[in-house]
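Understanding the architecture of this molecule
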Amino acid sequence: MSEDVEMPEDAGTRGGEAGTGPTIGELLGLAGWDTSARSFSGLDVVGKQIQAALWEATDGPGMVARQTAHWFKTDGVLGPSFERLRQAAAAGLPRNWSGLASRWNEMLHIMQQDGIPLAWVPPHEILEELLDASGSTARRIVLDENRSAIWDSCRVVLEEVERTEFEHQKRYLMECLAMVEDGYVSGAQSLAATVWDTTVRGFVRATPSLQTDRGQFRYEVMLSGLPTLEEDPTVRHVRVLSFFAPFKMACTNFHGGTPVPGHFNRHATAHAAGQIQFTSVNATIAIMLAVSVLRGFEQDRFPVRIHA
């Protein structure tokens, strides 16, 4: 069931800030290149992606040009500074992706098809297990068997959220973690779903391009306006897409005449309280989803207007 909520117009989205994460070498892996090679074709595409990453961490095009000019030779061979660059330069992707950035397509599949957030949480070793799991059921088992470690990582990531408008949302998610650790799974799932929903509505409230033509909130309109994968995505585009990718499963319409979804679903959590929707795994996913969104909005400072 769609819900319409009046939204005042405000400024649209704006750019992100510098972050920490995988190296430029991993960015090259993300682009599909063999980073062990000393020369390869397609440097123009890779160079643009490197420039996009550095743009976020520097003061403008002049600095980017100066830093990148000596990295490549005119014959297409990597310059002598490349190894240092691979080891030291941050590409701005979530740090739990370190060493796994080349498996981006697998991550995207899991985020979109299973609705499992993978940006910032879970921790690296559990993310690797999820990528190696044989299917959706196996991935849910991985989440359940590692739930305590995932909750711990959620708490660590939440501590990195400093935007003042998220103060209360952050505190509520800390309460979710306390509840789920004490066994109050349903309460944790419900509160985490509400925090996520409130944050997303605040994002849409501040982003006219994601509203209906009447300035209202509808999940299907928001989903149609979120970033999509491009042929040669920049670092920031990949990062932003990653914390939006699980939204589709969380926002799937649920009606009284259709089966209750077994995956985490915001609408079913609100309107179908029962053993199908309320599970330990779904509570974990709900918390991860809200934590990932807050951390994503901390990294890429989109305007968010919380109405609460």
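Everything quoted here is computed from the prediction, not taken from an experiment. (Residues numbered from 1 in each chain as written. Predicted model: local features only at pLDDT ≥ 70, side-chain atom pairs only at ≥ 80, totals over all residues. Heavy atoms only, no water.)

1. A look at a negative patch on the surface
A cluster of acidic side chains, namely Glu125, Glu128, Glu129 and Glu145, defines a negative patch on the protein surface. Looking at the negative patch, the element that brings in the most residues is helix H6 (residues 124-132), giving 3 residues. With respect to the helices and strands, Glu128 occurs in helix H6. The exposure class assigned to Glu128 is partly exposed, which follows from its relative accessible area of 32%. (Patch = residues over 30% accessible without salt bridge, like charges linked within 9 Å, V, L, I, M, F, W, Y side chains within 5 Å. Areas by Shrake-Rupley, 256 points an atom, 1.4 Å probe, with all protein chains shown as cover. Salt bridge = Lys/Arg side-chain N within 4 Å of Asp/Glu carboxyl O. Lys, Arg positive; Asp, Glu negative; His and termini not counted. Charge placed at Lys NZ, Arg CZ, Asp CG, Glu CD. Helix = DSSP H or I, 4+ residues; strand = E, 2+ residues; numbered from the N terminus. Buried < 20%, exposed > 50% of the residue type's maximum accessible area, 1.4 Å probe, protein only.)

2. A few points about the layout of surface pockets
Of the voids in this model, the second largest pocket is the one considered here, and its volume is about 190 Å³. Lining the second largest pocket are Gln112, Gln113, Leu223, Ser224, Leu226, Pro227, Thr228, Leu241, Phe244, Ala245, Phe247 and Lys248. (1 Å grid on protein atoms, 1.4 Å probe; cavity = no way out; pocket = protein on both sides within 12 Å on 5 of 7 lines; lining within 4 Å. Points joined across faces, edges and corners; volume = space filled by probe spheres on them.)

3. Here we look at helix H15 (residues 280-299)
Helical geometry: 3.6 residues make up each α-helical turn, so side chains three or four residues apart lie on a common side. Taking 1.5 Å as the rise per residue, H15 with 20 residues should run 28 Å; its terminal C-alpha atoms sit 28 Å apart, in good agreement. Within H15, 19 of the 20 residues are buried, which leaves it mostly tucked inside the rest of the structure. (Expected span 1.5 Å × (residues − 1).)

4. A short note on the packing of aromatic side chains
On inspection of all chains with the given rule, the structure shows 13 aromatic pairs. Each residue in the set Phe166, Trp196, Phe203, Phe243, Phe244, Phe247, Phe297 and Phe302 is aromatic and connected to the rest through ring pairs, giving one cluster. (Phe/Tyr/Trp six-rings, centres within 6.5 Å; stacked < 30°, edge-to-face > 60°.)

5. A few points about the packing of helix H8 (residues 147-158) against H15
Two numbers describe how H8 lies on H15: the axes approach to 10 Å, and their chain directions differ by 20 degrees. On the basis of their axis angle, the class for H8 and H15 is roughly parallel. Considering how the two elements wind past one another, H8 and H15 form a crossing that is left-handed. Along its contact with H8, which presents Arg147, Ile150, Trp151, Cys154, Val157 and Leu158, the element H15 presents Ser280, Thr284, Ile287, Met288, Val291, Leu294 and Arg295. Across the contact of H8 with H15, the residue classes break down as 9 nonpolar, 2 polar and 2 charged. (Axes fitted to C-alpha atoms, helices over the stretch in contact; angles between N-to-C directions. Parallel < 35°, antiparallel > 145°, perpendicular 65-115°, else oblique. Left-handed = near helix turned anticlockwise from the far one by under 90°. Contact = heavy atoms within 4.5 Å. Nonpolar A, V, L, I, M, F, W, Y, C, P; charged D, E, K, R; others polar.)

6. Points about the confidence of the model for the protein
Per-residue confidence for the protein gives a mean pLDDT of 77; residues scoring 70 or more make up 68%. Note that pLDDT drops below 50 for residues 1-24; the model gives that stretch 96 contacts with residues more than four away or on any other chain. When the criterion is pLDDT under 50, residues 69-91 qualifies, and its contacts beyond four places in sequence or with other chains add up to 47 contacts. (pLDDT = per-residue confidence, 0-100.)

7. Observations regarding unusual backbone geometry
In this model, Val121 is joined to Pro122 through a cis peptide bond whose omega is 0 degrees. Looking at the element boundaries, Pro122 is found in the loop between helix H5 (104-114) and H6. If you check the backbone angles, Trp120 has positive phi at about 80 degrees while not being a glycine. As for its placement among the helices and strands, Trp120 is situated in the loop between H5 and H6. What makes Trp120 buried here is its relative accessible area of 6%.

8. Here's the deal with the nonpolar core
What tends to happen in soluble globular proteins is that the nonpolar side chains get buried as a cluster. Formed by 70 residues in total, the largest nonpolar core has its most connected members in Leu173, Trp196, Met222, Phe247, Ile287 and Phe297. At 12 residues, the largest contribution of residues to this core is made by H15. Residue contacts for Leu173: discarding those within four places in its chain leaves Leu158, Ala192, Val195, Ala290, Val291 and Leu294. (Core = buried A, V, L, I, M, F, W, Y, C linked by side-chain atoms within 4.5 Å.)

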